[in-house]
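Take a look at the letters that make up each chain.
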Protein chains: 2
Amino acid sequence: MSRVTADMSVSADGFAAGPHQTLEKPFGDGPTDELHRWMFETPEENRAERDAITDAGAFIMGRNMFGPSRGEWDLDWRGWWGEDPPYHAPVFVLTHHERDDLPMAGGTTFHFVTGGIDEALKRAREAAGSRDVSIAGGAATTNQFLAAGLIDELRLHVAPVVLGAGERIFDGVSPRTLTLVSSRAASLVTHVVYRAGA
Amino acid sequence: MSRVTADMSVSADGFAAGPHQTLEKPFGDGPTDELHRWMFETPEENRAERDAITDAGAFIMGRNMFGPSRGEWDLDWRGWWGEDPPYHAPVFVLTHHERDDLPMAGGTTFHFVTGGIDEALKRAREAAGSRDVSIAGGAATTNQFLAAGLIDELRLHVAPVVLGAGERIFDGVSPRTLTLVSSRAASLVTHVVYRAGA
């Protein structure tokens, strides 16, 4: 069966985003640009980690990661990523509001799942075949999967910034032992990989 | 002038201790033994980081790091470390209650400071001369120094465990950019070093 992985860029104090997400500020208030500088300013140095993020056969994300709106869908909204999103695979979006499948260019199709994380994971596993299923975020969604013990490998990309508030990784996750797989420092980030369990 | 450094072993979710510290459980509830396994089970692999922790010319710690009691002093309490504490240098303990200096074996003397972090830092700098002043913890004390911008180099030793509650590093520290100095993975810990500022 395919593995379930999760990637998340976080601050040194564990926040994946600041508070108050809006259309203009997808990552909310605070110096959140610092979280992703490693991806855009030093791509060659971090090629392996960048490639791994989009290497899965299917993705799962929370609604807030797909867009800033809440409640009933604005059907004009097609995600933050333009017409050719970087996933190139099925993406299952957790939501309480039904919406038809949304095929994009490059092989990405957004599917909207109203049955919670179990249904999303079931459908993503079917779509991924032998490839990994990736939990793409945000923190609330990743924490739901962590709390349910459904993530096999967690890859944190820790940026040297303190955000002080926002959406925190591990919030609501009960005490547990992880296993450190690897850690690597690059100029603007520390990549830390954990496996579930002792 | 001497640098101010701080070392702290923390969980993957940033806790330096669980809740409910007692005499029997100095690090509180939860799987807190996991935080310090790297020190005791793989000392050779982490020799440089271990040596750096006690290399300072003077130390500052919070009262809760010195002992479990609160309020007026129990003069029979001489710290958690036995008669020869690992500091071998002056240690300034932040407290609201005066107490006479407490000389121990091996060059450690505990001094009790009622004037807050500024007085403690002034006295520690005088004692350290050209050597570093080390903020030894716990998290509340380190956070006071971080919030005041008084720490030059922060060395986190991140253990692969989730605690879920307790005393968290960076709590109450306002948003700010750090600089990543280095990161190294060992079997049971990731050592991450940050310098203050961009």
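Trainee: Help me get a handle on the overall build of chain A, residues and values and all.
Mentor: Of the regular secondary structure elements, chain A holds five helices and 12 strands. Taking 2.2 N^0.38 as the reference for a compact globule, 198 residues should give roughly 16 Å; the C-alpha atoms of chain A span a radius of gyration of 16 Å, in line with that estimate. For chain A, the spread of C-alpha atoms along the three principal axes comes to 40 × 40 × 35 Å. Each of the 198 residues in chain A was classed as buried or not, and the buried ones make up 49%. Counting only contacts in chain A whose residues sit at least 6 apart along the sequence, the fraction spanning at least 24 positions is 69%.

Trainee: Please set out the pairing of strand β11 (residues 176-185) of chain A residue by residue, giving values where relevant.
Mentor: In terms of strand pairing, β11 of chain A meets strand β9 (residues 161-162) of chain B through two bridges, oriented antiparallel. The residue of β9 of chain B that forms the bridge with T177 of chain A is V161 of chain B. Inspection of the sheet shows β11 of chain A paired to strand β12 (residues 190-196) of chain A by seven bridges, in the antiparallel sense. Looking at β12 of chain A, one finds that R184 of chain A is bridged to H191 of chain A. Here β11 of chain A hands over to β12 of chain A after four residues, the two strands then running antiparallel side by side.

Trainee: I'd love a proper account of the nonpolar core, names of residues and values included.
Mentor: Counting 116 residues, the largest nonpolar core has F59 and I60 of chain A together with F59 and I60 of chain B as the members making the most contacts within it. Excluding residues within four positions of it along the chain, I60 of chain A makes contact with F92, A120, L121, A124, V133, I135 and A136 of chain A.

Trainee: Now, about the relation of the copies chain B and chain A: what can you tell me, with residues and values included?
Mentor: Superposition of chain B onto chain A requires a rotation of 180° combined with a translation of 0.0 Å along the rotation axis, giving an RMSD of 0.0 Å. Put plainly, the chains are arranged around a two-fold axis. Proximity to the rotation axis, assessed at the C-alpha, singles out R184 of chain B in chain B; its C-alpha lies 3.3 Å from the axis. Of all interface residues in chain B, 100% are interface residues in chain A too; the two copies therefore contact each other through one and the same surface.

Trainee: I'd like a description of the environment of G106 of chain A, backed by residues and values.
Mentor: Residues and elements named next belong to chain A. Following the sequence through the fold, G106 ends up in the loop between β5 (102-103) and β6 (109-113). Spatially, the C-alpha atom of G106 lies 8.2 Å from that of P86, the residues being 20 residues apart in sequence. In contact with G106, not counting residues within four places along its chain, are D84 and H88.

Trainee: Tell me about unusual backbone geometry, residues and numbers included.
Mentor: Note that the residue after G137 of chain A, namely G138 of chain A, is joined by a cis bond; omega there is -5°. Take G138 of chain A: it is sitting in the loop between β7 (133-137) and α5 (139-147). Although it is not a glycine, F170 of chain A adopts a positive phi angle of roughly 80°. Looking at the element boundaries, F170 of chain A is found in the loop between β10 (167-168) and β11. Even without glycine at this site, H88 of chain B takes up a positive phi of about 55°.

Trainee: Can you explain the confidence of the model for chain A? Please cite residues and give values.
Mentor: Summary statistics for chain A give a mean pLDDT of 96 and a share of 100% for residues scoring 70 or more. Reported for the predicted complex are a pTM of 0.94 and an ipTM of 0.92.

Trainee: Could you give an account of helix α4 (residues 116-128) of chain A, with specific residues and numbers?
Mentor: Residue and element names in this part refer to chain A. In this model, α4 (13 residues) spans 18 Å end to end at C-alpha, consistent with the 18 Å of a helix rising 1.5 Å per residue. Where α4 is concerned, the buried positions are I117, A120, L121, A124, A127 and A128. Projection of α4 onto a plane perpendicular to its axis shows the buried side chains occupying an angular sector of 130°, all on one side. Residues of α4 that are exposed and angled more than 90 degrees away from the buried face: D118 and E126. Packed against the buried residues of α4 are β3 (58-62), β4 (90-94), β6, β7 and α5. Of the residues flanking the end of α4, it is G129, one or two places downstream, whose phi is positive at about 65°.

Trainee: If you had to explain α5 of chain A to someone new, which residues and values would you point to?
Mentor: All names here are of chain A. Of all nine residues that make up α5, seven are buried, and the element is covered over most of its length. Looking at α5, one finds that the buried residues are A139, T141, T142, N143, Q144, F145 and L146. Trailing α5 by a residue or two, G149 shows a phi angle of about 70°, which is positive.

Trainee: Give a description of the interface of chain B and chain A that names residues and reports values.
Mentor: A common measure of how large an interface is: the accessible area buried when the components associate. The partner chain A presents 27 residues to the 26 residues of chain B that form the contact. For the side of chain B that touches chain A, the secondary-structure elements that each account for two or more residues are β9, β11 (176-185) and β12 (190-196) of chain B. Per-element accounting of the side of chain B that touches chain A gives the leading share, eight residues, to β11 of chain B. Taken together, the residues of the side of chain B that touches chain A sort by class into 14 nonpolar, nine polar and three charged.

Trainee: Describe the environment of G107 of chain A, and please don't skip the residues or the numbers.
Mentor: Residues and elements named next belong to chain A. As for its position among the elements, G107 is in the loop between β5 and β6. Separated by 105 residues in the primary sequence, G107 and S2 place their C-alpha atoms 20 Å from one another. Those residues within four positions of G107 in sequence are excluded, and the remaining contacts are H88 and A89.

Trainee: Account for the environment of D118 of chain A, naming residues and giving values.
Mentor: All names here are of chain A. Tracing the sequence through the fold places D118 in helix α4. Among the residues examined, D118 registers 11 C-beta atoms within 10 Å and is labelled exposed. A C-alpha to C-alpha distance of 21 Å links D118 and L102, two positions 16 residues apart in sequence.

How each quantity is defined
- Residues numbered from 1 in each chain as written.
- Chains lettered and ligands numbered in written order.
- Predicted model: local features only at pLDDT ≥ 70, side-chain atom pairs only at ≥ 80, totals over all residues.
- Helix = DSSP H or I, 4+ residues; strand = E, 2+ residues; numbered from the N terminus.
- Rg over C-alpha atoms; globule rule 2.2 N^0.38 Å.
- Buried ≥ 20, exposed ≤ 12 C-beta atoms within 10 Å, placed from the backbone.
- Contact = placed C-beta atoms within 7 Å.
- Pairing = 2+ DSSP bridges.
- Core = buried A, V, L, I, M, F, W, Y, C linked by C-beta atoms within 7 Å.
- Least-squares fit on C-alpha atoms with pLDDT ≥ 70 in both.
- pLDDT = per-residue confidence, 0-100.
- Expected span 1.5 Å × (residues − 1).
- Arc of directions from axis to C-beta.
- Nonpolar A, V, L, I, M, F, W, Y, C, P; charged D, E, K, R; others polar.

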